[in-house]
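These are the residues of each chain, in order.
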Amino acid sequence: MKSFLALRPVLFKRELLLAAASNRGRSFALCTAAATTSQKRVKLSVRGYSTKKSVSVGGGGLKVEVEGGRKKRESLDNCRCASCINQDTRQRNFNTFAIPADIKPESVSSTAEGVAVKWSDGHESNYDWDFIQHYVKEDKRDRSVTQDQHYWGAEIASNPPTISYNEVMNSDQGVADLTAKIQKYGFSFISSTPSHDPDLTRQVLERIAFIRLTHYGGFYDFIPDLAMADTAYTNLALPAHTDNTYFTDPSGLQAFHLLSHTPPPGVSAETVQGGASLLVDGFNAAKVLKKEDPKAYEILTQVRLPWHASGNAGITITPDRLYPVLEVVDGELGRVRWNNDDRGVVPFGEGYTPEEWYGAARKWDEMLRRRESEYWVQLTPGRVLVFDNWRVMHGRSAFEGIRRICGAYINRDDWISRWRNTNFDRKKVLDSVIG
């Protein structure tokens, strides 16, 4: 039978057995008996013993001892057979809680593909070796199907991630390459995009995922006329910031396509008119902050703040709860939420005083404005910018004249789903999200 380098006994029990709740320990011995060239027979024995935990490998098989307890998991709950799981929707076909609480295995057999278990209610379950090997080592699947991220600063200007419009439009491999670049670098350009018709920009963005509707609408096409009460609709300079800090779930992607830039009367089109775009890798900035000033980093991860959008009549949007600037999940930075203009009053009672927060935020602001942190680029017609709004902050310099820009927001879950399904095989994707 297959051998495992390391075993997590509680987890092995979770996926292969549900016994009645007990205060005694349980010992599971999974060992080979007679082996043939085609199949190996195994047996599963269950007996009470002391509450210690131990793991041993020997005798041609595995012996796993675990503490008993009230929390058990049913293997039938994780059965993947056609009668248990709808093979089209990947959803369960049965009521987990209708399975008898005292169900137990009657026989276990090992094949080249995995382990087959016959249960006392007559049902038969099959678990492939990948499933077993994973759960005797780990508590859960890696849900992210991760890809290495490349942090960057101003040096990214020499070779920014880029893919062509035709590549994205003509094949799913193009979408895979685009989303992989965004996942790795936090942004990508789509070059050679037609600029005579904004609908073509909409079409290339919808190759990624659905466009998100907000109080600004869906796909946007605007000039600096304050049609919406937001500084984006002006010609003012904007510092590096996150969009949608006031949403519980800020948009995952944001896109801009400069369709035209008309100079003021009497000014030549060749004259520089401002409006350069600014990108800052928030994850890289947070990494540097943590190294240079660990306390400031800690404060920005701990102090939760109010955020709001209140400029338009009838609109007052705020998240479901207070959120910190740096959102850490399971020890890893998962999202940057930073827009000083949309921030409310710094509260007391968050473990640090407002004065301490202002000191940490001042350090953060200084870091974002460092020359080595800033990537400045002049957008031009035909070059669409798409970036991860949870990671990369954006801004711009002031400008003259009238700029026409189109673009959109895309939900985080939608674009990550597209990234997964175009870059990884279906089984790996399902394993990561289902278990």
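See the structure printed just above.
Residues numbered from 1 in each chain as written. Predicted model: local features only at pLDDT ≥ 70, side-chain atom pairs only at ≥ 80, totals over all residues. Heavy atoms only, no water.

Asker: Explanation requested: the overall build of the protein chain in the structure shown.
Answerer: Along the protein chain, the regular secondary structure elements total ten helices and 19 strands. A separation of at least 24 residues holds for 73% of the contacts in the protein chain among residues at least 6 apart in sequence. For the protein chain, the accessible surface area stands at approximately 21400 Å², while carbon and sulfur atoms represent 50% of it. (Helix = DSSP H or I, 4+ residues; strand = E, 2+ residues; numbered from the N terminus. Contact = heavy atoms within 4.5 Å. Areas by Shrake-Rupley, 256 points an atom, 1.4 Å probe, with all protein chains shown as cover.)

Asker: Teacher, can you tell me more about unusual backbone geometry here?
Answerer: Excluding glycine, residues mostly have negative phi values, and the peptide bonds linking residues are mostly trans. Residues other than glycine seldom take positive phi values, yet Arg-90 does so here, at roughly 65°. Relative to the helices and strands, Arg-90 is located in the loop between β4 (61-66) and β5 (105-110). Its relative accessible area of 27% is what places Arg-90 among the partly exposed residues. (Buried < 20%, exposed > 50% of the residue type's maximum accessible area, 1.4 Å probe, protein only.)

Asker: What should I look at first to understand the sheet that holds strand β10 (residues 220-222) in this one?
Answerer: Taken in spatial order, the six strands make up an open sheet running β8-β9-β17-β12-β19-β10, and their pairing is mixed. Two strands bound the open sheet, and with one partner strand each, they are β8 (162-164) and β10. Within the sheet, the average angular offset between the axes of one strand and its neighbour, ignoring direction, is 20°. As paired strands, strand β12 (residues 253-262) and strand β17 (residues 384-388) are joined by four bridges and run antiparallel to one another. Each residue of the ladder has a partner; that of Gln-254, found in β17, is Phe-387. The strands that helix α4 (residues 172-185) touches are β8, β9 (187-191), β12 and β17; relative to β9, the one it contacts most, it runs at about 145°. (Pairing = 2+ DSSP bridges. Axes fitted to C-alpha atoms, helices over the stretch in contact; angles between N-to-C directions.)

Asker: Help me understand the pattern of salt bridges in this model?
Answerer: Between side chains of opposite charge, a pair can form as their charged atoms come close. Under the criterion given, the structure shown has 16 salt bridges. In this structure, the salt-bridge partner of Arg-202 is Asp-199, at a minimum N-O distance of 2.5 Å. Here Asp-199 and Arg-202 lie together in helix α5 (residues 198-206), a separation of three residues that amounts to about one turn. For Arg-202, a relative accessible area of 23% puts it in the partly exposed group. (Salt bridge = Lys/Arg side-chain N within 4 Å of Asp/Glu carboxyl O.)

Asker: Would you explain the nonpolar core in this entry?
Answerer: As a rule of thumb, soluble globular proteins bury nonpolar side chains together. Residues Leu-300, Val-325, Leu-326, Trp-338, Trp-357 and Trp-364 are the most contacted members of the largest nonpolar core, which totals 28 residues. Where this core is concerned, the elements lending two or more residues are β13 (277-281), α6 (282-292), α7 (294-302), β15 (332-336) and α8 (354-368). Look past the residues within four positions of Leu-300 in its chain and what remains in contact with it is Leu-289, Pro-324, Val-325, Leu-326, Trp-357, Ala-360, Ala-361 and Trp-364. If you look at the next biggest cluster of nonpolar residues, it comprises 25 residues, including Val-168, Leu-178, Ala-209 and Trp-415. (Core = buried A, V, L, I, M, F, W, Y, C linked by side-chain atoms within 4.5 Å.)

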